Amino acid sequence: MFSRNSKHNSFFAISLQGGVLELRLLTQGGSNGGEIIVVRSGRILGMNAWHKIQMSRFGRRVQLAVDGTSNSATLLTGQVLLATDSLLSIGGVSDLSELPNGAMAGLPIPFTGCLRKLMINDKRIQLDERTILVGRNVADCDGTACGGDICQHNGSCWLDISLQAHCNCPQEYTGEHCETQLSCMEVKCQNKGRCQKDEDSEVPRCHCPLGWTGSYCERESAVGAPRFQGDGYLIVDKTASGFKRRGLSERSKRNELEFVYVNFSTAQPEAMILWSSQESELIGIGVESGLLKLVWSWRGEEPSTTVVVPRTVVADGTWHDVAVSITAANITVVADQKATLVFNHHQERLIATDGIFYLGGFPKQRSVQNETKAMFHSSFQGCISELAWSESIGITDFKNFQGENIASCDVHAES
């Protein structure tokens with residue numbers, strides 16, 4: 001698979017080298033100029049078997065997943081991947097001599113095998129005469145009109161007496177190729193999911209409780225490190241009985257905050273990551289213009305203090321952490337264990353909230369902008385691997401908390 005940006009000498013290529021899948025990307029910018037980034041699968045792919053591969057980009061992290069196992073590389077500061085301006089070539093190119101240097105590790109050899117279920121930017125691309133502009137020496141993989149791409153969403157294909165292909169669709173889908181998903185008004189949400197119409201959608205959909213995913217909340221999902229997709233939230237109540245038994249200080253028991261720590265990853269330039277408040281007393285952590293943003297206030301203090309920490313670019317897809325320490329005299333912010341800022345105040349006490357942390361968003365799709373009084377504007381898209389409100393207590397497994405529309409984040413992908 002190959003595509004390029006001919007104006008700026010940039011490309012991406014996926015090939016097999018000695019049975020190992022290899023992703024190659026020619027970047028632009030950075031201290032080294034144009035540099036080829038290489039990501040390889042962690043094992044040799046078996047012959048005569050179907051394999052699922054996925055290439056994705058999350059900020060500065062580029063990931064290659066093969067059969068569920070991920071490997072990744074991180075772009076250096078200043079390196080960029082340019083959008084391609086050429087057609088996508090699959091299986092080979094019209095003239096192998098036109099492949100740029102570095103597109104493959106070895107000699108370019110056309111692909112022999114089968115390919116199905118191509119998706120680009122989460123959109124299914126049907127490989128037929130409607131999308132294939134030109135080809136050579138390509139045949140149907142199974143030798144019938146059914147092929148591997150006729151029926152979508154696990155629909156089954158059958159041939160009529162004229163050898164024309166037809167699809168039997170699962171109950172959740174309809175259409176000639178099972179391409180249309182029925183709404184949750186027609187197929188009920190499972191496992192206590194809520195059927196709700198969002199502001200930006202004309203069709204209602206299922207909002208799944210923590211631990212479940214899928215179009216109808218039909219698939220169980222491990223949580224671990226939660227992944228937010230812009231429509232989810234988690235609620236962590238530090239006043240819950242499980243935390244009260246851990247010997248917290250009297251200040252913690254009164255919901256006064258002495259310390260807040262979050263480890264997160266995002267490529268989103270504007271978002272709310274954490275919020276805790278009680279009346280006008282609050283603390284919030286998020287992203288603004290790609291930089292780390294913090295807000296806080298005490299009761300009776302107007303306006304709230306807002307700090308966008310300079311030179312802390314966090315919307316790059318890599319992992320970052322922020323630790324906020326609060327005393328009766330000052331607030332100390334440490335970003336990525338190196339950028340330290342100290343803010344003095346005259347309140348002579350700590351910030352006291354209701355002890356509830358909202359992560360990523362709010363229940364029932366309540367507006368982030370309204371709930372935070374426009375201090376943040378968007379729900380979070382990204383991952384959180386740890387939350388702590390004491391230097392001795394950290395949460396890394398969020399499966400027992402209340403939440404909705406949460407997936408699992410791969411925190412172990414190699415970089």
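Use the structure listed above.
Residues numbered from 1 in each chain as written. Predicted model: local features only at pLDDT ≥ 70, side-chain atom pairs only at ≥ 80, totals over all residues. Heavy atoms only, no water.

A. Seen up close, the environment of Gly-59. Positionally, Gly-59 belongs in the loop between β5 (53–58) and β6 (61–66). Separated by 273 residues in sequence, Gly-59 and Thr-332 have C-alpha atoms that sit 28 Å apart. Non-local contacts of Gly-59, meaning those with residues more than four positions away in its chain, are made with Ala-267, Asp-316 and Gly-317. (Helix = DSSP H or I, 4+ residues; strand = E, 2+ residues; numbered from the N terminus. Contact = heavy atoms within 4.5 Å.)

B. How the structure looks around a nonpolar patch on the surface. Taken together, the side chains of Leu-88, Ile-90, Leu-115 and Ile-120 define a hydrophobic patch exposed on the protein surface, amounting to about 280 Å² of accessible area. Among the structural elements, Leu-88 can be located in the loop between β7 (69–74) and β8 (118–120). (Patch = residues over 30% accessible without salt bridge, like charges linked within 9 Å, V, L, I, M, F, W, Y side chains within 5 Å. Areas by Shrake-Rupley, 256 points an atom, 1.4 Å probe, with all protein chains shown as cover. Salt bridge = Lys/Arg side-chain N within 4 Å of Asp/Glu carboxyl O.)

C. How the structure looks around the nonpolar core. Counting 41 residues, the largest nonpolar core has Val-262 and Phe-398 as the members making the most contacts within it. Among residues more than four places away in sequence, those in contact with Val-262 are Ile-273, Leu-274, Ile-285, His-320, Asp-321, Val-322, Ile-384, Glu-386 and Leu-387. Counting 14 residues, the second largest nonpolar core, distinct from the first, contains Phe-12, Leu-21, Leu-23 and Ile-37. (Core = buried A, V, L, I, M, F, W, Y, C linked by side-chain atoms within 4.5 Å. Buried < 20%, exposed > 50% of the residue type's maximum accessible area, 1.4 Å probe, protein only.)

D. Representation of the environment of Glu-98 in the model. With respect to the helices and strands, the residue Glu-98 is situated in the loop between β7 and β8. Among the residues examined, Glu-98 registers a relative accessible area of 52% and is labelled exposed. Sequence separation of Glu-98 and Gly-300 is 202 residues, and the distance between their C-alpha atoms is 69 Å.

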